[in-house]
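Summary of the model geometry
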Amino acid sequence: MTYKVAISFDRCKITSVTCGCGNKDIFYCAHVVALSLYRIRKPDQVKLRLPISETLFQMNRDQLQKFVQYLITAHHTEVLPTAQKLADEILSSNSEINQVHGAPDPTAGASIDDENCWHLDEEQVREQVKLFLSQGGYYGSGKQLNSMFAKVREMLRMRDSNGARMLTLITEQFMADPRLSLWRQQGTGITEKCRQLWDELGALWVCVVLNPHCKLEEKSCWLRQLRKWGEMDVCPLEDGNYGNELPNITNALTQSSGHSQDSLARPRRTVFTRAIEGCDLHWQDSHLQRIISSDFYVSPSYQRDGESLLFNSQGQPLWLEHVPTACARVDALRSHGYPREALRLTVAIINTLRLQQQRQLEIYKHQKKELLQRGATTITNLEGWVGHPLNPIGCLFLTLTEACRLEEENCLEISDAGDSKPPAYQHVPVMTGSQEGDESYLSLALEVALMGMGQQRVMPEGLYAQDKVCRNEEQIIARLQDLELDPVLVQTLRKQCILLLEGGPFSGLGEVIHRESVPMHTFAKYLFSALLPHDADLAYKLALRAMRLPVLETTAPSGDVTHPHHLVSVVPSRYPRWFTLGHLESQQCELASTMLTAAKGDMLRLRTVLEAIQKNIHSSSLIFKLAQDAFKIATPADSNSDTTLLNVALELGLQVMRMTLSTLNWRRREMVRWLVTCATEVGVRALVSILQSWYSLFTPTEATSIVAATVMSHNTILRLSLDYPQREELASCARTLALQCAMKDPQNCALSALTLCEKDHIAFETAYQIVIDAASTGMTYTQLFTIARYMEHRGYPLRAFKLASLAMTHLNLAYNQDTHPAINDVLWACALSHSLGKNELAAIIPLVVKSVHCATVLSDILRRCTMTAPGLAGIPGRRNSGKLMSTDKAPLRQLLDATISAYINTTHSRLTHISPRHYGEFIEFLSKARETFLLAQDGHIQFAQFIDNLKQIYKGKKKLMLLVRERFGVWSQHGDLGEKKEGKWRSASPPLAEAALFWSSGCYSFLDLTISHTERIQRFLGHKPKGNHGEKG
């Protein structure tokens, strides 16, 4: 397919393009690029012509008329209306076209005074940014926007004026993002991905306004636009907080002590505030001009003896300016295509930082004694360089390393995994005559990164600001890890680490730090790994110093691990809160794990690291993780275990046990099991130790059910290959532990104690006596039944019976609890007593009658007792009669009466609130009750009278009584109850009337019915007992 492409040039720049392909993008389409390359590579194939105005000037009238008529004929449908309109205007003397001399010529190009710039499709820029923002960070929109920011930087580096134009278009769409208003209304923060884009936007504007060659009119225009955006309510703030206290970009490094007092009067700082402040900066300072214009700008030799604000003692130029501001100048020089100038200013800034570091060391030496006695310091750096909105350290590092980067083809190859290889660097000497011989831009890059990372700085406010500190720190460390440490860099590393350790309150690794200073764990982990192959002593000293986390201490520590003083761990109630505290603690744990791994086999270093961990790490879960890591490293699968590291793992595990003993921790059981495994790996002495000191490590339940049980298991014995004396020692310790736990917590430990003491008669008897003593006080019926079943299983039926009897005294089974979980235990207890003999059965039935009020359970027990003869257990020394027991004699008579009483009571209780849908169930219940009634000698009479009474008392429930009559018939042989008049029963059958009066007077209660109660009812009914229960009356 063929497309028509048109390109306009002006002074070696493409000023406009059109293409028939219709592709919409901020970049040129392939057809425009192809035509441009064709014009560049084959200039002879493109014919050059004079502007059309020059050609027309050479024509006479006839030629001009012929030209116009042929042009209209060739394109009459397109140009004829326009041609007719122009002809009418030219013929009109008063038309606007006749008021202008000459005519436009699109082929002649712009005037020499007109500004020329590359073509930029502004509408497409707006549409693309709007589309990416609407995707909210999904579908790779964040990468697309970052690529647009990179395009802006590329334009700035090429000194293309479209860079600022494109950034303006992007900013307009960012400010028009509807999510800004939504976030402000809801009071929620901007999402992290979006926030990072805003930070880059603000940093780009700082680069734009610091263009060293921008015109004053341009800067004024940018300033007005930036202020307009900054005054909008939806404009994001620099750190997400309204109480910002960061110093002004143009302020000096040293801040006044009264800075925080007037912070409330400070206006809010938006993402554009630093760019607005940057508009006040200029490049006309003569000292600054000399620095960036020459590599050999030094002070005269006669001026090097005294103090100077412009040069150091070696004559090297200094640049005393707010460090992030000075670094912003460097970034601006880089971004606008002045790399040599950026390098020169970077070197001057580093020389200034070196001088400040030396002076800070001198100040600290005079204050060292006082600060060490006080054990605390104040923050001297109100604004940290790591995590700063302008990223000063990252800017200096990139400026220096770009000058040392090797641009070889093999550096750009892609590995098999698809990841690009890390960049390769070489040493490039610093271009100044006064520098030392081994000084290079690469060593300066390492030095300034270490200085910035080691700066003691206060933790900023707000989640995003704190997260940015962590993220920026990790980014710088990732770049540092790309450097291959040669002898020159190692020397720089050692020198700077020593300065950081001796830096006092100005260093985050100094002896004295502020309670709320940013921790150095991540930084120290890099330093430790880098230093370890070259200077192990310095590496450990530095890493141990960095282990502290004073924000979790009740008092600020001195920072010296050689004087251990364990402080109470508390998370302080403070504002601002440390939102990233969990991440910081995990980094502290990673540093400790790195040291433990490196110290494997070195008992002295391991002991020092262990003390630092116990002193500074306050999270039990993190210490447990360290213990697990140490255990894994100490027990490799392909080699022997390392005893020293195993002991450290055990020590850490013991500390975890002590820390979590009195607190709730959902991983507690896992921790206990792991500790036993670790102690097993260490050896039998470790197991004996934890068994003997269990009370400070475990709860009684854990000690018996997990620790002692695991230690006494067959697998442990085989794992340790123990001889007989060692097994006996372990068993003795386990039994002692079991008895101690049973005494302390018999409810939960008695059964485990009995199990552990089975093989020792004295210990077993002691454990059993502990259970008996505790049965009447603290133990529940469930626990007692469980132990009783265990006793029966072990062949102690009489002891099981005793425990079951004690359990019955704690049980109370209501009339409606026919599905209670203890029913099986009750049935088992009755079966056990029945199997032991009549005496045991007689002893337990009163307990059953007292504790169980559920009719169905009682009837079940009754039937079981009548099915077989008692005493089938065959207890030695006892005789078994082999006769079935009668329900009209003790002890079953009492059980029968209680069962009947329970049925009567349950019937009345159920009838109180019965509904028609339960009528059928109730009839079945009465059928079961009749079966129990019939076990008595006169049971049929009692049941008949019972049914008659129900009909009288509940005669209002006609449908139910009809069902009762249909199922159980009409019992009229005993006469009618008569009717109730004036509160008295009148009938020809006085006994029946007396019984009815008894039923209806409210005096009825069958819950505690005894034999005398039954006889009283029979006297009321006028009946006498007949024969045995098998006879029918």
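Cut-offs used in this document
Residues numbered from 1 in each chain as written. Predicted model: local features only at pLDDT ≥ 70, side-chain atom pairs only at ≥ 80, totals over all residues. Heavy atoms only, no water. Helix = DSSP H or I, 4+ residues; strand = E, 2+ residues; numbered from the N terminus. Buried < 20%, exposed > 50% of the residue type's maximum accessible area, 1.4 Å probe, protein only. Contact = heavy atoms within 4.5 Å. Areas by Shrake-Rupley, 256 points an atom, 1.4 Å probe, with all protein chains shown as cover. Phe/Tyr/Trp six-rings, centres within 6.5 Å; stacked < 30°, edge-to-face > 60°. Lys NZ or Arg CZ within 6 Å of the ring centre and 35° of its normal. pLDDT = per-residue confidence, 0-100. Core = buried A, V, L, I, M, F, W, Y, C linked by side-chain atoms within 4.5 Å. Salt bridge = Lys/Arg side-chain N within 4 Å of Asp/Glu carboxyl O. Arc of directions from axis to C-beta. Polar contact = N/O pair within 3.5 Å; in protein donor to acceptor, adjacent residues only side chain to side chain. Axes fitted to C-alpha atoms, helices over the stretch in contact; angles between N-to-C directions. Nonpolar A, V, L, I, M, F, W, Y, C, P; charged D, E, K, R; others polar.

Regarding the overall build of the protein chain
Looking only at helices and strands, the protein chain has 42 helices and four strands in total. Residues classed as buried in the protein chain amount to 47% of the 1033 residues present. Contacts spanning at least 24 positions in sequence make up 71% of the contacts within the protein chain whose residues lie at least 6 apart. A total of about 53,300 Å² of accessible surface is found on the protein chain, and carbon and sulfur atoms cover 53% of it.

Section: the packing of aromatic side chains
Per the counting criterion, the structure on display carries 16 aromatic pairs. For the ring pair Phe-149 and Phe-174, a centre distance of 6.1 Å and an interplane angle of 40° mean the geometry is tilted. Highlighted residues: Phe-149 in helix H6 (residues 141-157) and Phe-174 in helix H7 (residues 162-175), separated in sequence by 25 residues. There is no split in this pair, since Phe-149 and Phe-174 are both buried. Aromatic pair Tyr-297 and Phe-311: ring centres 5.4 Å apart, planes at 65°, arrangement edge-to-face. Here Phe-311 lies in the loop between helix H12 (286-293) and helix H13 (323-335) and Tyr-297 lies in the loop between H12 and H13, a separation of 14 residues in the sequence. As far as the burial class goes, Tyr-297 and Phe-311 line up, both buried. Every member of this aromatic cluster is reached through a ring pair, and the members are Phe-149, Phe-174, Trp-198, Trp-205, Trp-229 and Phe-272. The aromatic ring of Trp-283 is capped on one face by Arg-329, whose charged end is 5.0 Å from the ring centroid. Positioned above the aromatic ring of Tyr-768 is the side chain of Arg-799, whose terminal nitrogen or guanidinium carbon lies 4.5 Å from the ring centre.

A few points about the confidence of the model for the protein chain
Per-residue pLDDT for the protein chain has a mean of 82; in total, 83% of the residues score no lower than 70. When mean pLDDT is taken per element in the protein chain, helix H19 (residues 521-531) scores highest with 97 and helix H41 (residues 990-1000) scores lowest with 34. A low-confidence stretch, residues 410-418 stays under pLDDT 50, and its non-local contacts, those more than four residues away or across chains, total eight contacts.

A look at the nonpolar core
The tendency in soluble globular proteins is for nonpolar side chains to be buried side by side. Ranked by size, the top nonpolar core spans 253 residues in total, and within it Ile-170, Phe-174, Trp-205, Phe-272 and Phe-698 carry the most contacts. Considering every element that reaches this core, the biggest residue donor is helix H16 (residues 441-453), with ten residues. If we ignore the near neighbours within four places in the chain, the residues touching Phe-174 are Val-129, Leu-133, Leu-145, Phe-149, Leu-180, Leu-197, Trp-198 and Leu-201. Val-469, Leu-549, Trp-578 and Leu-584 belong to the second largest nonpolar core, which has ten residues in total.

Focus on the pattern of salt bridges
Opposite charge on two side chains permits pairing when their charged atoms draw close. Overall, the coordinates contain 42 salt bridges when judged by the stated rule. Between Glu-383 and Arg-274 there is a salt bridge, with its nearest N and O atoms 2.9 Å apart. You can see Glu-383 sitting in the loop between helix H14 (339-374) and helix H15 (392-402) and its partner Arg-274 sitting in helix H11 (residues 273-278), a full 109 residues away along the chain. The shortest N-O distance in the salt bridge between Arg-334 and Glu-402 comes to 2.9 Å.

Structural notes on H12
Listing the buried residues of H12 in full gives His-287, Leu-288, Ile-291 and Ile-292. Viewed end-on, H12 has its buried residues packed into an arc of 125°, placing them on one side of the element. In this structure, the buried residues of H12 make contact with H13 and H14. Of the residues flanking the start of H12, the one acting as N-cap is Asp-285, its side-chain oxygen 3.0 Å from the backbone nitrogen of His-287.

Digging into the packing of H12 against H14
Across the interface, H12 lies against H14 with an axial gap of 7 Å and an inter-helix angle of 115°. Touching Leu-288, Ile-291, Ile-292 and Ser-293 of H12 are Glu-341, Arg-344, Leu-345 and Ala-348, all from H14. Broken down by class, the residue content of the contact of H12 with H14 amounts to five nonpolar, one polar and two charged.

Section: unusual backbone geometry
Even without a glycine there, the phi angle at Asn-391 is positive, about 50°. Among the structural elements, Asn-391 can be located in the loop between H14 and H15. Its relative accessible area of 23% is what places Asn-391 among the partly exposed residues. Here the phi dihedral of Ser-721 falls at roughly 50°; this positive angle occurs in a residue that is not glycine. In this fold, Ser-721 is placed in the loop between helix H28 (714-720) and helix H29 (724-744). You can call Ser-721 exposed: its relative accessible area is 60%.

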